[in-house]
Amino acid sequence: MKLHFSVAQEVYCVEFQEETAPYQQLLPSSAPFFVKEHRGELIFHLLVGDTLVDSNTEGFEEVGHFDNGDLWHHVWRMPTGGYHIHIADLQERTVCRLETDADFSHCRVTLIGDTTQQAFGLDNAIMIAFAFAGAYHRLLLIHASVPVVEGRAYLFQGKSGTGKSTHCRLWLDNIAGATLLNDDNPVVRLEPDGSVGIYGSPWSGKTHCYKQERAAAGGFLRLHQAPHNAIRPLSKIEAFASLLSSTSTMVWDKSSYTAICDTVNAVIAQVPSFDLECLPDAAAAHLSHATMTQAHGKA
C-alpha cells in the first residue's frame, strides 16, 4: 500500500508492506496532505514493515541520545553513511526503529507497541525524514508558532515554555483577521524565485492545526519573557543564529548542516527578524504586529 503526501510542495511516499495496515489510525494528522496520484520526483520514500529494522547496532557509531521534550531519539551512524534511529516516548519505551540512507531519500521503519504508540513513532519518523531530506530541497522545519495576517505569516520562536503559543493566541484574539497556520513545526521554503513561503505541516504539537496552506513570510520574532514590552530588529548575524537555532538540524552531519545553513542565510536576507521582550498581554501583541507589518510598509 503506497500513500503519497504533499507538504510545502514536496511529495513523499509512505509505503506499508502490510496491505491491511490501519493507515488512517497511524497517520491521522497527515490526512489534509494526502494526494491521490503522483508520478514525479519524491523527496523521500519510507517503507513500513514489522521486520525491516531490528534493534542490533553492532558496528554502528553512536552519535547520541537526545531528549526533545516529548520524545527521545537514540542515534547511530551506519558504515554506509546513513542513520539508525530509535524513537522512544516519554516513558523511554521504544516505539519506532528507523533506518535511512545518507541523504534520507530512502528510509525504512519498524513500529512497536499498540496503535497509539505506533502512530506516535511513525509520525515522528516521517517528521525526521522530512526535515533532513528537505535540507537538500531548500526546506527548513522550524520550531515556531505561526499566525497569518493579510496573507503574511509571522513565525514566533523561542525556547520551550517561552510563550510562543501564548503570544500567537494574543494575535488571534487582538489582531483583526489573524488566523493560525501552525503551532509547532511549520515549514519554511526558499522558493525557486527567491521568495520565502511558510507552509502548514502535519506536525503542530498539542494543537490540532494541520493545514495544507501557504503564506508569504512576513517576519521572524524571537520571544523572551520580561516585565515589560520592548522590540528591536535583529542584525543579519543575530537573525542567522536565531533562525538556525529554531531549525531541525544534525550538526554532526556536514552535508545536511551545510545545506540548511545556506538556506537559512538566503531566507534571512529576504525576511526581517526581530527580538521581543514581552509580557503575556494584548499590548505586546499590538507592539509586535505594528512593528513587523511596518517592515513591509503596512502601518
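Small disclaimer: the values here were computed from a predicted structure and weren't measured. Per chain, the residues get numbers from 1 upward, laid out in the order the sequence is written. At least 70 in pLDDT is required for a residue's local features to be given in this predicted model, at least 80 for side-chain atom pairs to be given and counted, and no such filter applies to totals for whole chains, interfaces and linings, which use all residues. Think of the side-chain values as coming from all heavy atoms in the structure, minus any hydrogens and water.

For any two helices packed against each other, the geometry is given by the interaxial angle and the distance between the axes. Helix axes are fitted only over the stretch in contact, all axes being lines through C-alpha atoms; the angle between N-to-C directions runs from 0 to 180 degrees. By definition, any uninterrupted DSSP run of H or I lasting at least four residues is a helix, any uninterrupted run of E lasting at least two residues is a strand, and each is numbered from the N terminus. Contact geometry for helix 4 (residues 236-245) and helix 5 (residues 254-270): axes closest at 9 Å, N-to-C directions at 130 degrees. Considering the angle they form, helix 4 stands oblique to helix 5. Between helix 4 and helix 5 lies a crossing of right-handed hand. Seen from helix 4, the contacting residues are Lys236, Ala239, Phe240, Leu243 and Leu244; seen from helix 5, they are Tyr257, Ile260, Cys261, Val264, Asn265, Val267, Ile268 and Ala269. Roughly parallel means an angle under 35 degrees; roughly antiparallel, over 145; roughly perpendicular, 65 to 115; everything else is oblique. We call a crossing left-handed when the near helix sits turned anticlockwise from the far one by less than a right angle, and right-handed when that turn is clockwise. Contacts between residues were defined by any pair of non-hydrogen atoms, one from each residue, lying within 4.5 Å.

Below, the discussion takes up the pattern of salt bridges. One speaks of a salt bridge when a side-chain nitrogen belonging to Lys or Arg is within 4 Å of a carboxyl oxygen belonging to Asp or Glu. Counted under the stated rule, the structure contains eight salt bridges. Salt-bridge contacts for Arg77 lead to Glu61; the nearest nitrogen and oxygen are separated by 3.7 Å. With Arg77 in strand 6 (residues 72-77) and Glu61 in strand 5 (residues 61-67), the pair connects residues that are 16 residues apart, well separated along the chain. By relative accessible area, which is 22% here, Arg77 ends up partly exposed. For the salt bridge of Glu191 with Arg189, the shortest nitrogen-to-oxygen distance reads 2.3 Å. Three exposure classes are used, based on accessible area relative to the maximum for each residue type with a 1.4 Å probe and protein chains only: buried under 20%, partly exposed in between, and exposed over 50%.

Glancing now at helix 4. Listed in full, the buried residues belonging to helix 4 are Ala239, Ser242, Leu243 and Leu244. Summarising the contacts, the buried residues of helix 4 are in contact with strand 10 (139-141), strand 12 (152-157), strand 16 (214-225), helix 5 and strand 18 (273-278).

Turning next to the side chain of Asp89. Positionally, Asp89 belongs in the loop between strand 7 (83-88) and strand 8 (94-100). A polar contact is formed between the side chain of Asp89 and the backbone nitrogen of Gln91, at a distance of 3.0 Å. What qualifies as a polar contact is a pair of N or O atoms within 3.5 Å, subject to a donor-acceptor requirement within protein and to the restriction that residues adjacent in sequence count only when both atoms come from side chains.

Empty pockets left among the atoms are what a rolling probe the size of a water molecule brings to light. The calculated volume of the second largest pocket comes to roughly 220 Å³. Every definition here rests on a 1 Å grid over the protein atoms only: cavities are sets of points where a 1.4 Å probe fits but cannot get out, pockets are open sets enclosed by protein on both sides within 12 Å along at least five of seven lines, and lining residues have some atom within 4 Å of a point. Every residue lining the second largest pocket is listed: Phe16, Gln17, Glu18, Ala21, Pro22, Leu26, Val48, Gly49, Asp50, Leu111 and Gln118. Residues are grouped as follows: nonpolar covers Ala, Val, Leu, Ile, Met, Phe, Trp, Tyr, Cys and Pro; charged covers Asp, Glu, Lys and Arg; every other residue, Gly included, is treated as polar. Its residues assigned to classes, the lining of the second largest pocket comprises six nonpolar, three polar and two charged. Grid points are joined across faces, edges and corners, and a volume is the space filled by probe spheres set on the points.

Okay, the sheet that holds strand 8 next. Adjacent strands of a sheet pair through backbone hydrogen bonds, lying either parallel or antiparallel. Across the sheet, which stays open at both edges, the nine strands sit in the order 3-1-2-4-9-8-7-6-5 with mixed pairing between neighbours. Sheet topology places strand 3 (34-35) and strand 5 at the edges, where each strand pairs with a single neighbour. Paired strands, in this sense, are two strands between which DSSP finds at least two bridges. In this structure, strand 2 (residues 10-16) lies alongside strand 4 (residues 44-48), joined through five bridges in parallel fashion. Each bridged residue has a counterpart across the sheet, and for Glu15 the counterpart in strand 4 is Leu47. With respect to the sheet, helix 2 (residues 115-133) is in contact with strand 1 (2-7), strand 2, strand 4, strand 6, strand 7, strand 8 and strand 9 (106-111), its orientation differing from that of strand 4 by roughly 160 degrees.

Here we take up the nonpolar core. The term nonpolar core refers to a set of buried residues drawn from Ala, Val, Leu, Ile, Met, Phe, Trp, Tyr and Cys, joined through side-chain atoms within 4.5 Å. By size, the foremost hydrophobic cluster in this structure holds 45 residues, and its most contacted members are Tyr12, Phe16, Leu46 and Phe130. For this core, the secondary-structure elements that each account for two or more residues are strand 1, strand 2, strand 4, strand 7, strand 8, strand 9, helix 2 and strand 10. Of the residues forming this core, the biggest block, 11 residues, is contributed by helix 2. Discounting residues that sit within four places of it in the chain, Tyr12 has contacts with Leu3, His4, Phe5, Val7, Ser30, Leu42, Ile43, Phe44, Ile126, Phe130, Pro202 and Trp203.

Another point: the packing of helix 3 (residues 164-174) against helix 6 (residues 282-294). Running from amino to carboxyl end, helix 3 crosses helix 6 at an angle of 85 degrees, the nearest separation of the two axes being 9 Å. Classified by the angle their axes make, helix 3 and helix 6 are roughly perpendicular. Contact with helix 3, carried on its side by His167, Leu170, Trp171 and Asn174, involves Ala282, Ala284, Ala285, His286, Ser288, His289 and Met292 of helix 6 and no other residues of that element.

It is worth spelling out the side chain of His84 at this point. Structurally, His84 can be placed in strand 7. Side-chain polar atoms of His84 contact the side chain of His86, separated by 2.8 Å. Setting aside chain neighbours within four positions, we find His84 in contact with Val53, Asp54, Asn56, Thr57, Phe60, His74, Val75, Trp76, Met78, Leu98 and Glu99.

Turning our eyes to something else, we now look at the packing of aromatic side chains. Here a Phe, Tyr or Trp ring, Trp counted by its six-membered ring, pairs with any other such ring whose centre lies within 6.5 Å, and the pair is stacked when the planes are under 30 degrees apart, edge-to-face when over 60, and tilted otherwise. On inspection of all chains with the given rule, the structure shows 10 aromatic pairs. A ring pair is formed by Tyr83 and Phe104, whose centres lie 5.8 Å apart and whose planes are at 25 degrees; its orientation type is stacked. Of the two residues, Tyr83 is situated in strand 7 and Phe104 in the loop between strand 8 and strand 9; the sequence distance between them amounts to 21 residues. Summarising the burial analysis for this pair, Tyr83 and Phe104 share the class buried. Members of the aromatic cluster, each reached through a chain of ring pairs, are Phe5, Tyr12, Phe34, Phe44, Phe130 and Trp203.

So, about the state of the cysteines. In this description, the term disulfide denotes a pair of cysteine sulfurs within 2.5 Å. Inspection of the entire model under this criterion finds zero disulfides. Free of any disulfide, Cys13 has its nearest cysteine sulfur in Cys107, 11 Å distant. The exposure class of Cys13 is buried, given its relative accessible area of 1%. Sulfur of Cys278: no disulfide; nearest cysteine sulfur belongs to Cys168 and is 13 Å away. For Cys278, a relative accessible area of 10% translates into the label buried.

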